[in-house]
Amino acid sequence: MKKNIIIFIILIIMPSIVINGQIQIKGTVTDINREPLAGVNVIIKDTQKGVVTDTDGKYSIMVPDENSILVFSYITYKTVEEKVGKRRVINVILEEDVKQLEEIVVIGYGVVKKSDLTSSISSVKGTDVQSMTVGNINQSLQGKVPGLQIIGSGAPGGQPKVLVRGFSTINLGTDPLYVVDGIPLSGGINFLSPNEIENIEVLKDASASAIYGSRASNGVIMVTTKRGKEGKLAYNLDLSYGLQSMKKPYNMADAVEYAEIMNLAALNAGYPKVFEDPQEYEGKTTDWWHAGIKETSPQMNLSFGFRGGNEKNVYSANITYYQQKSFYEKGGYERFTSRFTNDFKFSKIFSGGITLNPRFESWGNPGNWADFIRIDPITPIYKPADQLTGDENEYSIYARSPSYVWNPVAAVKRWNQKNKSYALSTSAFLQIQPISEIVFRSQVGFELDSRISDAFYPDFVIDAAHEFQTYNRVERNQPMYRNWSLQNTITYLKTINNKHNITAMLGNTLEEWNGTSLWGTKEKTPNNSEELRELDAGTLNPQTGGTSYTNSVMSYFARIMYNRDNRYYLTATYRVDGSSKFLEKNKWASFPSISLAWRISQENFMSGIRDVVNDLKVRIGAGQVGNQNLPAAVYMSKLGKGYYVFGDNIVNTTYPSAIKNEDIKWETVEDKNIGIDFNLLQGKLSGSLEYYVKNTKDMLFMKAYPNYSGYPNDAKIWTNIGSMKTKGVDANLSYSEKVNDFYFNADVTFTTFNVKMSSLGGNKEPLYGNNEKTITIEGEEPGYFYGYVADGIFQNQTEINSHTSEHGIFLQPYAKVGDIRFKDINNDGVLDANDRTKIGSPWADFTMGINLNFAYKNIDLLANFYCSFGNNLVDQNKNELHNCIDKTNKIAGLTNLAWHGEGTSNDIPKISAIDNNENFSKFSSFYIEDGSFIRLKNLQIGYTFNQLFNISKVRIYLAGQNILTLTKYDGIDPEVGGGVLGFGFGGWDYPIQPTFLIGTNITF
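From a predicted model like this one, the values you see are computed outputs, not experimental measurements. (Residues numbered from 1 in each chain as written. Predicted model: local features only at pLDDT ≥ 70, side-chain atom pairs only at ≥ 80, totals over all residues. Heavy atoms only, no water.)

Colleague: So what exactly am I meant to see when it comes to the pattern of salt bridges here?
Modeller: One side chain can pair with another of opposite charge once the charged atoms of both are near each other. Per the stated rule, a full pass over the model turns up 45 salt bridges. Of the charged contacts in the structure, one is a salt bridge between Asp 677 and Arg 619, with a shortest N-O distance of 2.8 Å. Here the residue Asp 677 occupies a position in strand β35 (residues 667–680), and Arg 619 occupies one in strand β32 (residues 613–627), the gap between them amounting to 58 residues. What makes Asp 677 buried here is its relative accessible area of 19%. Relative accessible area serves as the criterion here: at 3%, Arg 619 is assigned to the buried category. The shortest N-O distance in the salt bridge between Glu 772 and Arg 836 comes to 3.0 Å. On the criterion of sequence distance, the pair formed by Glu 772 in the loop between β42 (767–769) and β43 (774–776) and Arg 836 in the loop between β46 (820–822) and β47 (837–840) is long-range, its members being 64 residues apart. For Glu 772, a relative accessible area of 36% translates into the label partly exposed. According to the relative accessible area criterion, Arg 836 is buried, its value standing at 18%. (Salt bridge = Lys/Arg side-chain N within 4 Å of Asp/Glu carboxyl O. Helix = DSSP H or I, 4+ residues; strand = E, 2+ residues; numbered from the N terminus. Buried < 20%, exposed > 50% of the residue type's maximum accessible area, 1.4 Å probe, protein only.)

Colleague: Mind showing me how you'd approach the sheet that holds strand β4 (residues 58–63) here?
Modeller: Within a sheet, each strand pairs with its neighbour through backbone hydrogen bonds, oriented either parallel or antiparallel. Spatially, three strands are ordered β4-β1-β7 in an open sheet, and the strand pairing comes out mixed. The open sheet has two edge strands with one neighbour each: β4 and β7 (92–94). In this sheet, adjacent strand axes meet at a mean angle of 35° when their direction is disregarded. With three bridges joining them, strand β1 (residues 23–31) and β7 adopt parallel strand pairing. Within β7, the residue paired with Val 29 across the bridge is Val 92. (Pairing = 2+ DSSP bridges. Axes fitted to C-alpha atoms, helices over the stretch in contact; angles between N-to-C directions.)

Colleague: Can you help me understand helix α5 (residues 255–269) in this one?
Modeller: Since the α-helix advances by 3.6 residues per turn, residues separated by three or four positions end up pointing in the same direction. Compared with the 21 Å implied by 1.5 Å per residue over 15 residues, the 21 Å span of α5 between its first and last C-alpha is a close match. Among the 15 residues in α5, eleven count as buried, and that is most of the element. Of all the residues in α5, the buried ones are Ala 255, Val 256, Glu 257, Tyr 258, Ala 259, Ile 261, Met 262, Asn 263, Ala 265, Ala 266 and Ala 269. Elements that come into contact with the buried residues of α5 comprise α11 (894–897). Two or three places before Val 256, at the opening of α5, Asp 254 has a side-chain oxygen 3.3 Å from that residue's backbone nitrogen. Of the residues one or two after α5, Gly 270 is the one with positive phi, at around 85°. (Expected span 1.5 Å × (residues − 1). Contact = heavy atoms within 4.5 Å. Polar contact = N/O pair within 3.5 Å; in protein donor to acceptor, adjacent residues only side chain to side chain.)

Colleague: Can you help me understand the sheet that holds strand β34 (residues 649–659) in this one?
Modeller: Pairing in this open sheet of four strands is mixed, and the strands run β33-β34-β38-β37 from one edge to the other. Of all strands in the sheet, those bounded by a partner on one side alone are β33 (638–646) and β37 (700–704). Sheet twist, expressed as the mean angle between neighbouring strand axes with direction ignored, is 25°. Here nine bridges tie β33 to β34, and the two strands are oriented antiparallel to one another.

Colleague: How do you make sense of unusual backbone geometry when you look at a structure like this?
Modeller: Note: most residues except glycine have negative phi, and most peptide bonds are trans. Even without being a glycine, Arg 165 presents a positive backbone phi close to 55°. Of note, Arg 165 is situated in the loop between β12 (161–164) and β13 (177–180). Owing to a relative accessible area of 0%, Arg 165 belongs among the buried residues under this scheme. The backbone of Asn 541 sits at a positive phi, close to 50°, despite the residue not being glycine. Locating Asn 541 in the fold gives a position in strand β29 (residues 540–564).

Colleague: Looking at this structure, how should I read the nonpolar core?
Modeller: Nonpolar side chains in soluble globular proteins generally cluster together in the buried interior. Within the largest apolar cluster, 59 residues are counted, with the highest numbers of intra-cluster contacts made by Ile 293, Tyr 328, Trp 369, Phe 372, Leu 894 and Phe 923. Elements supplying a minimum of two residues to this core: α5, α6 (288–292), α7 (371–374), α8 (408–414), β24 (460–463) and β46. Ignoring anything within four residues of it in the chain, the contact list for Leu 894 reads Glu 257, Ile 261, Leu 881, His 882, Cys 884, Ile 908 and Ile 911. Judged by nonpolar contacts, the second largest core, of 23 residues, contains Tyr 109, Leu 117, Ala 210 and Val 220. (Core = buried A, V, L, I, M, F, W, Y, C linked by side-chain atoms within 4.5 Å.)

Colleague: When you look at the layout of surface pockets in this model, what are you seeing that I'm missing?
Modeller: If you roll a probe as big as a water molecule over the atoms, it shows you where there is empty space left. Of the pockets and cavities examined, the second largest pocket occupies roughly 1300 Å³. In terms of lining, the second largest pocket is formed by 48 residues, of which the most central are Leu 185, Ser 186, Gly 187, Gly 188 and Arg 215. In terms of residue class, the lining of the second largest pocket is made up of 18 nonpolar, 22 polar and eight charged. (1 Å grid on protein atoms, 1.4 Å probe; cavity = no way out; pocket = protein on both sides within 12 Å on 5 of 7 lines; lining within 4 Å. Points joined across faces, edges and corners; volume = space filled by probe spheres on them. Nonpolar A, V, L, I, M, F, W, Y, C, P; charged D, E, K, R; others polar.)

Colleague: What am I meant to see in the environment of His 807 here?
Modeller: Relative to the elements of secondary structure, His 807 occurs in the loop between α9 (797–802) and β46. Taking the C-alpha atoms as reference, His 807 lies 75 Å from Leu 506; in sequence the two are 301 residues apart. In terms of polar contacts, His 807 uses its side chain to reach the side chain of Glu 806, at 3.5 Å.

Printed below as a string of structure tokens:
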């Protein structure tokens, strides 16, 4: 009996012994961005035994012994083999195989394989955008797209300046057209969260953007957001919290030094000294900066999303909250945005989908941070007790400064403004594919943006003659914007003999933009309490107003794409636009384009080097795009409102403010582009090089109407005049390497643009900007700095005496030793406006982006640099920091920096309370500085945990944004924008602040 029991036990445990003789291997398979890969084949080499990774990239497999080799294979990725050895957990990172990879690129009203592109289009993946925590996703694109120049904005919710291959117009907006999920927008993309982005395409040349016709002259930025995908429901949670660091940009004089500077200025001007004994202010410096400016302010981002679905229905949702506080005690930017998508496949023929994007934004800042630096350091924040009567309200207890700078602490206390936006964007599409070759698609989009801006200005008296408001005032402005679009396309796809590939498309669009505004203001509410800050509470001086507008465009377009044997390519488009902004005779305009490409690497003569030159393609393209971004109905004259005083009476008046031009027509940009794309060394080295030329003709300008016409001096007329040429180079070079567990990638972008004014019309009248501080003339770049040449400092009387005309007349009769010497450029013996000349250019010789990525096992590191070289900037703050005519505070050490004796300075004039020589009031090269800079935009290090507490992936990271800037510019910040005719004037701009963050990305 015992023997039978033993035999039975042996028979039972023998299968277990066999199983236990095998080895269980587990792990996770991800891509180089640590994103899990589902569906990866994991096979024991030389066998048919294998498994497939799940939606979280996980796998588990039994292998016979430690000599087993696992083979990991996945379409479009390089196959990896791993010997088991002593390991029981084998995590694998798969790298994309450039030979297999066929990345899909979104183009206008369609998609195309990246390898089949014939136009200039750059792509950025959503993961690259999400690497930075920013209020506007354009800031994440800085330095990552060749041909794209972005000038950042530091203000909470601020929108950066975006230029695609420079600019194509002068008097109109230079912002590109934004297209989100196929719907062209009427404004920017400040409302988008980086976590919503799947990828971004930038259409840079006319052969790519002509399909958008009249709205594409400044380039097109196409955003594709995340949608659902088949598979297990996957969740993503992203959290980050950071602190922005705001340091005082200048070291300013303390109370004693300020008094000494003011006394010296008075002495040099022949005035009695201002302060009897500066030393009595020792230890009495008012620390205005720390009284009103926070050294750190928080920034927070929280995003939660999920997506999943099956063959019939895929869906996604994303909800994001972003907050950026200002460095004041008040103000900031706040955004709550959500996006929901639902796509259906009703049958083999019918499919459709819908997107909802409700959102809320609020913003506003006091905007007077410069006053915390400018105000004198002697005035106290609050009035002394002996100056208070007890009748003052809470806004009247602050002290007045003799510098005539309003008390900044009091101004922030009074500030009460709220700007809110409640918006909804929605779109839906229906797609019908009756046969495999024909696809009909109809898409409708609608956007509603309702805004409310409330402001309250309390009554106060700090100084009855200078700093006061007699009655409080309440204001409300309520604009509403409604836009809709309808797109219909039919596409035909055909492959003949596996060699001739044809895609043809016809379509039309209808777009309409509507806007209304209503505003009102009243004064003298019963008191300043928050409950009474309503229009109905006002009792005095009611004012109201409102307006509305409607603009529309109807378009028809066609495109044909052909390639033969994936070797020879042709793309041609034609679009016709009709705009409500023009009369019938100029209402319609045509925008054609054509581009060709030749994949040289597919030719037989390249077969011998195909292992080295994996892909080589040459592209050439040309086309036209337009610009109709001018106000509505400029073909009609308009009346302005004003008033005139007759005796003791004020009479309301109307006058011609805009003169009609019935011949106004489209501004057109003609574009030519040639480029080369290459991929070498099995995809390790890749890049592109492009040269482009853009010609803008019939430029739209708003010009003053001639005085001899009899119209008022401020009457304006829109007209087509002038032409401009822009040319430049875009380049991109990328290198990647993977050795065992180490991965490295370096990507460099390079951008240049050179622009010249070809024609200014018949009278060739120059165009001035910023109070004649810039000028635009034929043959020169638009908006260059125009002023006098500062030729050092008069060091002694002999130098003044020798600075004369040939007849011995002083060129600067009011100059004193220590004043700036200005050049007589035209040598006519007179220093006047005719001696103004080009003193600098705001346009960079080139900009660069350097993007580095490292990864070792679970550790990743990235660094993004942005560089601008060769541009000048105007440092307008030099006036207030050095000019002692007024009584604002001055930069510390000014008595040594400024000229104070022969040879002491050849740049900063002597300290004086008068400026008869116009050292500061003349716009000259004194204000011009080198604006070149290198900035570390983002430095981030992260660590990824796979399978942490049953969570698929947890990545924790530390990041620093804008933490290092190298520049010779002495102003606030070298990233300075502006309009074309006023670009590069740096002043008290809200600076881009260094930000330090900690965050996590969780996938489960």
